[in-house]
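Here's the letter readout for the chains.
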Amino acid sequence: MPIYEPPVRDLQFVLHDLLKLSQSDLPGHSDLDPEFTEAILDAAGKLSSEVLAPLNRVGDEQGCVLENGVVRTPEGFDKAFEAMKEGGWTALDCDPEYGGQGMPYVLGTAVGELFVSANMAFNMYQGLTHGAYSAIHAHGTDEQKQTYLPKMVTCDWTGTMNLTEPHCGTDLGMLRTKAEPQDDGSYLITGQKIFISAGDHDLAENVIHLVLAKAPGGGEGTKGISLFIVPKFLVNEDGSLGQANGVSVGSLEEKMGIHGNATCVMNYDGAKGWLLGDLHKGMRAMFTMMNEARLGVGLQGYACAVPAYQNALAYAKDRLQGRAVTGAKNPAGPADPLIVHPDIRRSLMDQKSFLEGARALALWGAHLIDRTHMANDADAEGMISLMTPVIKGFMTDKGLETTILAQQVFGGHGYVEEWGMSQFVRDARITMIYEGANGVQALDLVGRKLAQDGGKHVMAFFEMVKSFCKDHSEGPLADDFIAPLKAASKDLQTAAMFFMERGMKNPDDALAGSYDFMHLFGHVTFGLIWARMAVTAQAALDAGTADEAFYRTKLATGRYYMKRQLPMTATHLARIQSGADTVMALEAEAF
């Protein structure tokens, strides 16, 4: 069975050395000293490694089963879910008014990594509930909040999001689900939704569906869409559960991965629902949930690669194959361990440098969300809006790549289910697709986010990089970190200028380069994150530290990224500048 070791030390480095969480001016942050957060992460890590991780393979092998209209989850999931609820983990960063603990979102994100790494499919049950909670919290009436949120905070009731229909995915303007208004202010919802993660299960007593549908008078396209709260069981005035609503599971999807999570076809047959937010403004309310989900999927992209890397590293140290070209490193044995070979080292360094950069970027993004919500910081809100498609798209693309690299270290054993590496690859694959396929993330970045607020936020990003490079232009890190970051940032600015110059004349020139731009942006963001971590690590070494090996390893890993990964910005720029001609050259019939 694969191993999993919670990376608490590295999480602490990001939270305190890099983000300086307890020194933040945000409410409640001064209490989050390293000792406090370490205790939380240690407890979450124990639950992850001892309870959730052993069920990961169980969930993969057993999957979910639809029996008499009810979804049965894999063996042991129910007890694990109760353990998560009893530990208060579902309420960690929720509003205390509804039973939450009021911790910062960034701390919830750090804990979330541990749960996802241990068992991604299992964690989706409470992760999706958090997204539905956020949408109701942001857009619900006082009565709706009091009715649903306390039970959702504890996960006695779980939540879903229902967007996709058989004939439409990204193009939500085509959806057909109807909402018929009733005299009592409710609506009758009729239609079918597909790909509904955690759509039904036996872990909670009620499931609160958030459903996009069209009510009369809304017009065509997405402008006519509203969002509705549709519970599996109706809720009585005293908060108790009433009769079953007109919603049922049509079938379960047989999927490539995340077998432990129920992906349902949901049928709504005159189900009773209540409007969430404003009529015909459902996309605004749903995007509260979708944006949180996209950041969560970005986290999934790297978090499910963490145990893949850990197992590949352990295997590389243990497996004896061949001799080092520079001389035997294990002369007493029949061969040297795999890790002595440069190509294995390259693979492991690719994995390690990505995962540590991704962790820092995800937590920085979560900290920006805290600034947005706790301090009404418009600049932080603009920056995380810009970074959301990068975090979701780039980190999930590279996350899958990382699981494949880890699998490759095992050779033929990586292709055999017994070793567990296949599951990491299969589970990671979905992250590139759901919550907006990565091609759509790239289009969102180039088509919407670059020009948002007159380009204010991307210009702020460029200024952030410029100021950082200026502040650290001299010293021991200038050649290895600052110079490559400046060069990469120049490639990104050149690409953005290309879109400005060519995009209006021929929009295909911008759209054909959007995917490369997303990756170019991702690499530059990682370059900035790694340069910041390097400055932080060097400062710790200069000040004197008892953990010298940790900080020197951090510097060495960062140098690898800057020299071996960051130069990819030049390749992406060249592809962008080639324009759309070669991409669009063939007529459809010629393919």
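As the structure is a computational prediction, the values presented were derived from the model and not from experiment.

Calculation rules
Residues numbered from 1 in each chain as written. Predicted model: local features only at pLDDT ≥ 70, side-chain atom pairs only at ≥ 80, totals over all residues. Heavy atoms only, no water. Helix = DSSP H or I, 4+ residues; strand = E, 2+ residues; numbered from the N terminus. Expected span 1.5 Å × (residues − 1). Bend = angle between axes of the 7 residues up to and from the residue. Buried < 20%, exposed > 50% of the residue type's maximum accessible area, 1.4 Å probe, protein only. Contact = heavy atoms within 4.5 Å. Salt bridge = Lys/Arg side-chain N within 4 Å of Asp/Glu carboxyl O. Phe/Tyr/Trp six-rings, centres within 6.5 Å; stacked < 30°, edge-to-face > 60°.

Colleague: Is there a simple way to think about helix α7 (residues 282-303) in this case?
Modeller: Given 3.6 residues per turn, any residue in an α-helix points the same way as the ones three and four places further on. If you check α7, its first and last C-alpha atoms are 31 Å apart, about what 22 residues at 1.5 Å a residue would give, namely 32 Å. Along its length, α7 reaches its greatest deviation from straightness, about 30 degrees, at threonine 288. Burial of α7 is extensive: 17 of the 22 residues sit out of reach of the surface.

Colleague: Please explain helix α1 (residues 8-18) as it appears in this structure.
Modeller: Within α1, 10 of the 11 residues are buried, which leaves it mostly tucked inside the rest of the structure. Within the sequence span of α1, burial applies to Val8, Asp10, Leu11, Gln12, Phe13, Val14, Leu15, His16, Asp17 and Leu18. Turning to α1, the residues buried within the fold contact α2 (34-62), α4 (105-118), α9 (342-375), α16 (514-543) and α17 (548-565).

Colleague: Explanation requested: the side chain of histidine 367 in the structure shown.
Modeller: Topologically, histidine 367 is positioned in helix α9. Under the relative-accessibility criterion, histidine 367 is labelled buried at 10%. Setting aside residues no more than four positions away along its own chain, histidine 367 makes contact with Leu19, Leu21, Ser24, Leu26, His29 and Val106.

Colleague: Can you help me understand the pattern of salt bridges in this one?
Modeller: Opposite charge on two side chains permits them to pair, given that their charged atoms come into close proximity. Tallied over the entire structure, the rule returns 30 salt bridges. A salt bridge links arginine 426 to aspartate 60, with the nearest nitrogen and oxygen atoms 2.8 Å apart. One end of the pair, arginine 426, is in helix α11 (residues 421-429); the other, aspartate 60, is in helix α2, with 366 residues separating them in the sequence. Classification of aspartate 60 as buried rests on a relative accessible area of 11%. Between glutamate 82 and lysine 85 there is a salt bridge, with its nearest N and O atoms 3.2 Å apart. With a gap of three residues between them, glutamate 82 and lysine 85 both fall in helix α3 (residues 77-86), about one helical turn apart. You can call lysine 85 buried: its relative accessible area is 18%. Through salt bridges with shared partners, one network takes in Asp10, Glu113, Lys352, Glu356, Arg359 and Lys554.

Colleague: Where do I start with the packing of aromatic side chains in this structure?
Modeller: Given two aromatic rings, their pairing is described by the distance between the two centres and the angle made by the two planes. Tallying each qualifying case throughout the model produces 19 aromatic pairs. Relative to tryptophan 419, the ring of tyrosine 315 has its centre 5.5 Å away and its plane inclined at 85 degrees; by these criteria the two rings are edge-to-face. Here tyrosine 315 is found in helix α8 (residues 306-318), whereas its partner tryptophan 419 is found in the loop between α10 (378-409) and α11, with 104 residues between them in sequence. The class of tyrosine 315 is buried, set by a relative accessible area of 8%. When its relative accessible area of 32% is taken as the criterion, tryptophan 419 is described as partly exposed. Feature note: the residues Phe461, Phe462, Phe498, Phe499, Phe517 and Phe521 constitute an aromatic cluster, connected by ring pairs.

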